[in-house]
Amino acid sequence: MLPWLAVVWQGFVLPYRPRGSGKKVALIQNRPVLGGNSSSEIRVWVLGATGLGVNRYARETGIIGEMLLENQYLNPDGNPYYWDLVMLEMVLKEKNISLFLNTNVHEVEADGNESSRKIRSVTGWMMGSERKITFTSPLFLDCTGDGLVGFLAGAKYRIGREAYREYQEKWAPEESDNISLGSTMFFYTKDAGHPVKFIPPSFAQDITKTAIPMKRVFKSGDSGCHYWWIEWGGEAHIDTLYDNEKIRDELWSVIYGIWDYIKNSGKFDAENMTLEWVGSVPGKREYRRFIGDYVLTQNDLEKQANFEDYIGFGGWSIDLHPPEGMYASDYVSKLFCVDGVFQIPFRSLYSVNVDNLLFAGRNISATHVAFGATRVMATCSVMGEAAGAAAALCVDKSVTPRQLYQNHIKELQQTLLRNDAAIIGLKYEDPEDLASLAHVSASSQLKCLEVAKPAAKFHMENDVAFLFPVNPHVNELEILLDAHEDTEMVVELWDTGRPENYIPHTLQVKDTVRVSKGDRQWIRVRLPWNPEQPQNAFVIVRENQQISLHQSDVPMTGVLSFIREKKANISSLLTAIDNDQPVVQWSMKPFVRKPFCFKLLTETEAYRPDNVINGFFRPYGSPHMWLSNPMQDGADEWLELQWEAPATFSRLEVIFNDDVNEDLVNLHYKRTPFDVIPELVQNYEWQAWVDGMWRMIAEGNNNRKRKAVHTLEHDCTTERLRLVVKSTNGSRFAEVVGIRIR
Ligand SMILES: Cc1cc2nc3c(=O)[nH]c(=O)nc-3n(C[C@H](O)[C@H](O)[C@H](O)COP(=O)(O)OP(=O)(O)OC[C@H]3O[C@@H](n4cnc5c(N)ncnc54)[C@H](O)[C@@H]3O)c2cc1C
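Residues numbered from 1 in each chain as written. Predicted model: local features only at pLDDT ≥ 70, side-chain atom pairs only at ≥ 80, totals over all residues. Heavy atoms only, no water.

Caption draft 1: Structural view of the nonpolar core. Counting 216 residues, the largest nonpolar core has Phe346, Phe468, Met489 and Ile739 as its most contacted members. Take this core: its biggest share by element is 13 residues, from helix H9 (residues 377–397). Residues in contact with Phe468, not counting those within four places in the same chain, are Leu449, Val474, Leu477, Gln535, Asn536, Ala537, Val539, Gly558, Val559, Phe598 and Leu600. (Core = buried A, V, L, I, M, F, W, Y, C linked by side-chain atoms within 4.5 Å. Buried < 20%, exposed > 50% of the residue type's maximum accessible area, 1.4 Å probe, protein only. Helix = DSSP H or I, 4+ residues; strand = E, 2+ residues; numbered from the N terminus. Contact = heavy atoms within 4.5 Å.)

Here's what the structure looks like:
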């Protein structure tokens, strides 16, 4: 029996990092690799709030953020084995985590009554070692996806769909049932460079006798998640857990049937293609969902409910599939996108009746419909980080998760913010943070907001828009365009409603300007707006066939561009989405890092140096970061913190801009043109003013991370401290999101 302070299962959900909290964590995983569905055994792409392309500045930070950045650098081609390594290395680097691979937990000791139970221990069988290991702990996290630990402990749970009358969800059926999403296996193909035959096994299905080939799009060379619709097991008479083996056999019969069709039907250019890998572990989408003190619903997501116990955000659409899966004659995945990211409450992460059980991942306390959005893996990881941080605090304070919610929820939120976790819109407040007491100045501050270097023309066959921060007001701006004939251009300025949203919400001001025929003209428009709070402006230029705007190929932090799609571009043969949803209509896909050219004629205060101590570490109504003027060759840019009396510290923390608008995926279906986010500062120094001169006390070289922490060997006492930015990974500006000094 091993005495651990906290026990965590590792699904995809990565556990709380015990760093600093001093807690020991046993990470128990019944398979040989980490990552659950994202592992090389299953190969599901890790997606999150930016994944569908509808949310802006929504990529998760915290542990999953660090992993995605690291993977981007180490594994730009998205090799599934390299992703395994990213995860493994991250865990091995944590001294306080003990990793138990190949250890299947199948016994749980718990006592108490139905409404209040407590887990004493869990026991696992370590395959290959013939070891039976029992783990005791004050707290347990069930991140097993299927929820076996909670089930054995007597935790309350649900399977299937809730009835409409329970939560009044639009997408709920009239009566509850046990229909769920089905399971899937993928396969990878490759070009062998010479003809390769394929003789199908006897159990391969003739898929021409099913609905499959008529409806699906096959492309030789597609791999992995392209085949997400090879799904089965969701119907009421099949149980995704009990029938797991049967489901696997059915999926194999279809995979080899599809491959037979691709190779031997003569309809594909596949002579040289061969199978590189075929899954053997069904990727499970859904099974038990535990009941917590709160059940997250479709209504919460749709109205972007604010929770006092908000611990992280999600942003995938509600995404539900037909129960018949691949055999559905009208296979269509139903998607619903909220106006922006949605909040997840802590009360959905602990059991209503097992006092020391937390959970995270696909088994959290959410209805079937809400689970349709919370289930993607970057969101699962956000929850895992929150549940882990909560477990550590529970141990510190000798409280249950419920008591933590009741009495210490702010401390949990602040802990998460300190760890740079994925929370938008909550302010970090740390009385011990000396940076927050300093006066902040800088070598320069970007005040002239412009995107002035054209690279391509964009013909205005649609409404288009650009978004920029307004601080404190806007008056006039200029737009670069070609007019093919004399015409009138209509331009409107809208607010975005909530600060975390990036859609036109309320029209504030409109201008119509006459434009004469001619190329490369900077046309002035008057859009006076003086909002009460600094916030983003969403400027729409209405469709005009006589006009082409100019797009730059140089991104500008804080500026986004959009096109109003006439037809939603995330619809496909396999998905149905409501085109009226504003986040779907206003697509940014063609304009990521390619904004329209415009100039603000009013100076902006949006990039002030003191943004680095304002407690917001993510864009939220404005970028919340410092930007210098464009850096000149060889010249440094710096931020200075000055205190009235000498400050003594030993820990320097800086958060750089890693462009949380950039969608990063672990197993890339798209290749991003850089391995390191260009906005990240590359080389920098911390300098303290000591004995009348600047002395370097810490430095960072070849940085590629968002958060950099330097712990000094000896305390430093000074009235002046500087962060000197020497170079970036590509950006023209020095960009810093936050500084914390202790
Ligand atoms: C085919 C498919 C496509 C999907 N598409 C996407 C997508 O494109 N992007 C996306 O982000 N999400 C996608 N999802 C959803 C996502 O994969 C899951 O919701 C997510 O993996 C859930 O994470 P989890 O950690 O809760 O569970 P899992 O990923 O299932 O991980 C649970 C882990 O716990 C381990 N475990 C289980 N029982 C025990 C036990 N008794 N003892 C020890 N260990 C145990 C399992 O081996 C596993 O490693 C998809 C899912 C599927 C199946």
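Caption draft 2: Summary view of the sheet that holds strand E31 (residues 575–577). Taking strand neighbours across the sheet as the criterion, the three strands line up as E16-E17-E31 in an open arrangement whose pairing is mixed. The outermost strands of the open sheet, each flanked by one partner alone, are strand E16 (318–320) and E31. Neighbour-to-neighbour, the strand axes of this sheet turn through a mean angle of 20 degrees, independent of strand direction. (Pairing = 2+ DSSP bridges. Axes fitted to C-alpha atoms, helices over the stretch in contact; angles between N-to-C directions.)

Caption draft 3: The arrangement of the domain arrangement of the protein chain in detail. Domain annotation of the protein chain identifies domain 1 (2–159 + 355–361 + 373–418), domain 2 (183–278), domain 3 (434–444 + 607–741) and domain 4 (450–600). One C-alpha centre belongs to domain 1, the other to domain 3; they are set 31 Å apart. Taken together, the contacts link 30 residues of domain 1 with 28 residues of domain 3. Interface of domain 1 and domain 3: buried area, both sides summed, is about 2,600 Å²; carbon and sulfur atoms make up 52% of it. Of all residues in domain 1, Tyr57, Arg59 and Gln72 give up the largest surface area on contact with domain 3, accounting jointly for 29% of the area buried on that side. At the boundary of domain 1 and domain 3, one finds two salt bridges. Between Arg59 and Asp658 there is a salt bridge whose closest N-O contact spans 2.9 Å. At the level of elements, helix H1 (62–74), helix H2 (80–92) and helix H10 (401–418) are the ones that each hand at least two residues to the side of domain 1 that touches domain 3. The element contributing the most residues to the side of domain 1 that touches domain 3 is H1, with six residues. (Domains from an automatic or database assignment. Buried area = accessible area lost by both parts, 1.4 Å probe. Salt bridge = Lys/Arg side-chain N within 4 Å of Asp/Glu carboxyl O.)

Caption draft 4: Inspection of the packing of aromatic side chains at higher detail. Inspection of the entire model under this criterion finds 27 aromatic pairs. An angle of 20 degrees between the planes, with centres 6.5 Å apart, marks the rings of Phe198 and Tyr256 as stacked. With Phe198 in the loop between strand E11 (187–191) and helix H5 (212–215) and Tyr256 in helix H6 (residues 244–264), this residue pair connects regions lying 58 residues apart in the sequence. Taking the relative accessible area as the measure of exposure, Tyr256 reaches 18% and is therefore buried. Seen from their ring centres, Phe458 and Phe591 are 5.2 Å apart, and the 70 degrees between their planes marks the pair as edge-to-face. In this pair, Phe458 is assigned in strand E22 (residues 454–459) and Phe591 in the loop between strand E32 (586–587) and strand E33 (598–600), connecting sequence segments 133 residues apart. With a relative accessible area of 3%, Phe591 lands in the buried category. Of note, Lys599 hangs over the ring of Trp522, and the distance from its end group to the ring centre comes to 4.2 Å. Here the basic side chain of Arg720 rests over the ring of Trp689, its NZ or CZ set 4.6 Å away from the ring centre. (Phe/Tyr/Trp six-rings, centres within 6.5 Å; stacked < 30°, edge-to-face > 60°. Lys NZ or Arg CZ within 6 Å of the ring centre and 35° of its normal.)

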